[in-house]
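Read off the chains here:
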Amino acid sequence: MSDHHIKRLVIMRHAKADWPGGIEDHERPLEERGHREAPLAGKWLVKHNIVPDFILCSSALRTRQTCTWVCSELGDKAPTPKLEDGLYAASALRMLTVVNHVPDTVTTLMLIAHMPGVQDLAMHLASRDSDHDAYMDAATRYPTSALTVLETEKSWSELDGQDARLTRFKVPRGH
């Protein structure tokens with residue numbers, strides 16, 4: 001074990017979005033199912049005691065709405081999210097650059113963004129000692145509202161590739 005405490009990175013794909021005609025992709029809202037499922041992600045985080053102390057959220061409307069639902073479930077424990085234009089339509093490496101600039105005082109970081117970047121980032125960071133089932137689930141499908149939890153002893157600035165253990169993959173679904 002190093003001197004660093006375990007840090008957790010929660011990578012979330014925004015909830016189910018609508019595709020109404022005549023609006024820019026950046027301004028697409030959540031659809032009804034998205035409004036039902038996004039709070040479930042927050043509930044799951046609380047239940048498993050994975051409460052982010054910092055949230056980076058893409059500036060797109062659907063990610064902002066997802067973040068609002070998650071934070072409403074986190075309640076008093078919710079940090080003030082930071083909107084990040086650089087996470088909109090970003091590649092995994094662009095997302096990683098954003099993560100690399102997070103201060104080391106942050107122990108649990110949540111990133112709410114878009115496909116394919118969220119899945120590519122999870123796969124890029126996942127180390128060989130990752131939970132096999134969680135890794136395979138995240139690799140084969142990454143539906144809306146999906147959450148990946150990774151753990152590392154490295155500082156955010158040192159995260160590079162295959163250096164975080166993928167411990168959980170969860171798709172919160174309503175009934």
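Rules and cut-offs
- Residues numbered from 1 in each chain as written.
- Predicted model: local features only at pLDDT ≥ 70, side-chain atom pairs only at ≥ 80, totals over all residues.
- Heavy atoms only, no water.
- Helix = DSSP H or I, 4+ residues; strand = E, 2+ residues; numbered from the N terminus.
- Rg over C-alpha atoms; globule rule 2.2 N^0.38 Å.
- Buried < 20%, exposed > 50% of the residue type's maximum accessible area, 1.4 Å probe, protein only.
- Contact = heavy atoms within 4.5 Å.
- Areas by Shrake-Rupley, 256 points an atom, 1.4 Å probe, with all protein chains shown as cover.
- Lys, Arg positive; Asp, Glu negative; His and termini not counted.
- Charge placed at Lys NZ, Arg CZ, Asp CG, Glu CD.
- Salt bridge = Lys/Arg side-chain N within 4 Å of Asp/Glu carboxyl O.
- Pairing = 2+ DSSP bridges.
- Axes fitted to C-alpha atoms, helices over the stretch in contact; angles between N-to-C directions.

(A) Local environment of the overall build of the protein. A count of helical and extended segments in the protein gives 5 helices and 6 strands. Counting from the amino terminus, helix and strand elements in the protein follow one another as β-α-β-α-β-α-β-α-α-β-β. Its C-alpha radius of gyration of 15 Å places the protein within 12% of the 16 Å reference for a compact globule of 175 residues. For the protein, the spread of C-alpha atoms along the three principal axes comes to 50 × 30 × 30 Å. A total of 175 residues make up the protein; the buried ones form 50% of that total. Taking the contacts inside the protein whose residues are at least 6 apart along the sequence as the reference set, 78% of them involve residues at least 24 apart. With an accessible surface of roughly 8500 Å², the protein has 49% of that area assigned to carbon and sulfur atoms. Positive and negative side-chain charges of the protein, numbering 21 and 24 respectively, have mean locations separated by a distance of 5 Å.

(B) Expanded view of the pattern of salt bridges. As enumerated under the stated definition, the model contains 9 salt bridges in all. Each of the salt bridges in this network shares a partner with another, and the network as a whole consists of Asp 25, Arg 28 and Arg 62.

(C) Just unusual backbone geometry, in detail. Of note, the amide linkage connecting Met 115 to Pro 116 takes the cis form, showing an omega dihedral of -5°. By secondary structure assignment, the location of Pro 116 is in the loop between strand S4 (108–113) and helix H4 (117–125). Phi is positive for Ala 89, which is not a glycine, with a value near 55°. On the accessibility criterion, Ala 89 (64% relative accessible area) is exposed.

(D) Structural context of the sheet that holds strand S6 (residues 165–170). Taken in spatial order, the 6 strands of this open sheet run S3-S2-S4-S1-S5-S6, and their pairing is mixed. The strands lining the two open edges of the sheet, one partner per strand, are strand S3 (82–84) and S6. Averaged over all pairs of adjacent strands, the angle between strand axes in this sheet comes to 20°, irrespective of strand direction. As paired strands, strand S2 (residues 54–58) and S3 are joined by 3 bridges and run parallel to one another. If you follow Cys 57 over to S3, its bridge partner there is Leu 83. On top of the sheet, helix H3 (residues 92–100) reaches S2, S3 and S4; it is set at about 145° to S4, its chief contact. Sheet strands in contact with H4 are strand S1 (7–13), S4, strand S5 (147–152) and S6, and its direction is about 150° off that of S1.

(E) Structural detail: the environment of Val 46. Considering the arrangement of structural elements, one finds Val 46 in helix H1 (residues 32–47). Sequence separation between Val 46 and Gly 75 is 29 residues; the distance between their C-alpha atoms is 9.5 Å. Apart from residues no more than four positions distant in its own chain, Val 46 is found in contact with Glu 73 and Leu 74.

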